[in-house]
Amino acid sequence: MSVQSEVRRLTAPDIRARKGGEPIVALTSYHAHTASLVDKYCDVILVGDSLGMVMHGLETTVPVTLDMMILQGHAVMRGSQRALVVVDMPFGSYEASKEQAFMSAARVMKETGCGAVKLEGGRRLAETVAFLAERGVPVMGHVGLTPQAINTIGSFRAQGRDEKDWGRIEDDAKSVSDAGAFSLVIEAVAEPLGRRITGQVPIPTIGIGASAACDGQILVLEDMLGLSPRVPKFVKRYGDLGPGIEAAISGYAKDVRSRAFPGPDHVYGMRKK
Ligand code: KIV
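Below is a summary of the structure that appears in this document.

The rules we used
- Residues numbered from 1 in each chain as written.
- Predicted model: local features only at pLDDT ≥ 70, side-chain atom pairs only at ≥ 80, totals over all residues.
- Heavy atoms only, no water.
- Helix = DSSP H or I, 4+ residues; strand = E, 2+ residues; numbered from the N terminus.
- Rg over C-alpha atoms; globule rule 2.2 N^0.38 Å.
- Contact = heavy atoms within 4.5 Å.
- Areas by Shrake-Rupley, 256 points an atom, 1.4 Å probe, with all protein chains shown as cover.
- Lys, Arg positive; Asp, Glu negative; His and termini not counted.
- Charge placed at Lys NZ, Arg CZ, Asp CG, Glu CD.
- Pairing = 2+ DSSP bridges.
- Axes fitted to C-alpha atoms, helices over the stretch in contact; angles between N-to-C directions.
- Salt bridge = Lys/Arg side-chain N within 4 Å of Asp/Glu carboxyl O.
- Buried < 20%, exposed > 50% of the residue type's maximum accessible area, 1.4 Å probe, protein only.
- Near = heavy atom within 4 Å.
- Polar contact = N/O pair within 3.5 Å; in protein donor to acceptor, adjacent residues only side chain to side chain.
- Nonpolar A, V, L, I, M, F, W, Y, C, P; charged D, E, K, R; others polar.
- Expected span 1.5 Å × (residues − 1).

1. Side note on the overall build of the chain
When helices and strands are tallied, the chain shows eleven helices and eight strands. At 20 Å, the chain has a C-alpha radius of gyration in line with the 19 Å of a compact globule built from 273 residues. Overall, the chain is about 65 × 50 × 35 Å in size when its C-alpha atoms are taken along their principal axes. The contacts in the chain between residues at least 6 apart in sequence include a share of 58% that link residues at least 24 apart. Just so you have it, the chain exposes about 14,700 Å², and 56% of that area is on carbon and sulfur atoms. Charge centroids of the chain, computed over 32 positive and 31 negative side chains, lie 4 Å from each other.

Shown next, in the form of structure tokens:
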């Protein structure tokens, strides 16, 4: 007999229906325990390929594999109940053809149970987005700064700083939206451009360093908690957990070295928080 969860998980159509409505709250998470905290407050949890840089200390997201995304996607699904979980498709898993994209996305969805995938890119990916959406894969688009393109763009600089580039980014956003994406991340673009795109596309935009006018916002959890060594300038810090964690580790090391480490009581057991 299966036990049904009492909490209904949000779906891609639920998020799609939020265009122009209550702002969408989104954060990244890569683990079951942070996912359970984020789940209480967020509508969308993104298992971002930023995990390569945040969890693994990589310089870019380019080396991240499909297996890494599936492992952490599964953990986030186990830790959450209500939020829509979106898993990033990593570099090399979707660009070669729409068929390759479908096979990779199907693996992600079957093996993690997530509700949607995210792809980086605009017009050049429109056909792929349509192919996936028509076959039951909800797609979140991602335009503006696309970090997987770091080796061709050269740096993680904001996009659309020069107004002459706006047309191309707007065209990317509209192509992905017309192709059937249910929402769109806009990363690191000039504020008026983020605002304009939000007014132009019928799907919710989720900004990261884009514009407060977007239909929702997303941040990398570790960046807003003060746990990442390098953080983009636009990130507002809502916590400064690094020093607290370091103080706890140093207190523990001191206890062990001075033999002040508490031994077990008479009975072993797990202490409740
Ligand atoms: O990988 C990621 O965390 C992302 C967000 C920054 C949007 O794509």
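2. A short note on the sheet that holds strand β4 (residues 116-118)
Taking strand neighbours around the barrel as the criterion, the eight strands line up as β1-β2-β3-β4-β5-β6-β7-β8 in a closed arrangement whose pairing is parallel. Here the strands of the sheet are splayed against their neighbours by 25° on average, with no regard to which way each runs. Summarising the sheet, strand β3 (residues 84-88) and β4 pair through three bridges and their orientation is parallel. Residue pairing in the sheet places Val 87 in a bridge with Val 117 of β4.

3. Digging into the pattern of salt bridges
It is possible for side chains bearing opposite charge to pair when their charged atoms get close. Taken as a whole and judged by the stated rule, the model has 17 salt bridges. Of the charged contacts, one joins Glu 170 and Arg 196 as a salt bridge, the two residues approaching to 2.7 Å between their closest N and O atoms. Here Glu 170, found in helix α8 (residues 166-178), pairs with Arg 196, found in helix α9 (residues 191-200); they are 26 residues apart in sequence, far enough to count as distant. On the basis of relative accessible area, Glu 170 is assigned to the buried category, the value being 8%.

4. Observations regarding the site of the ligand
Every residue lining the ligand is accounted for by Thr 28, Leu 46, Gly 48, Asp 49, Ser 50, Asp 88, Lys 118, His 142, Ile 208 and Val 220. Contacts to the ligand include Ser 50, whose side-chain N or O atom sits 2.5 Å from an oxygen atom. At 3.1 Å, a side-chain N or O of Asp 88 approaches an oxygen atom of the ligand. Look at the ligand: alone it shows 260 Å² of surface, and the protein chains cover 95% of it. Class assignment for the residues of the shell around the ligand results in three nonpolar, four polar and three charged.

5. Some remarks on the pairing of strand β8 (residues 216-219)
Sheet topology places strand β1 (residues 24-28) next to β8; four bridges connect them, and they run parallel. Its bridge partner being in β8, Val 25 is matched across the sheet by Gln 217. Bridge count for strand β7 (residues 205-208) against β8 is two bridges, and the pairing is parallel. Across the sheet, residue Ile 206 finds its bridge partner in β8, namely Gly 216.

6. Some remarks on α8
The terminal C-alpha atoms of α8 lie 18 Å apart, and with 13 residues this matches the ideal 18 Å at 1.5 Å per residue to within 8%. Among the residues of α8, Trp 166, Ile 169, Glu 170, Asp 172, Ala 173, Ser 175, Val 176 and Ser 177 are the ones counted as buried. On its buried face, α8 is in contact with α6 (126-134), β5 (139-144), β6 (183-187) and α9. Once α8 ends, the next one or two residues include Gly 180, with phi positive near 115°.

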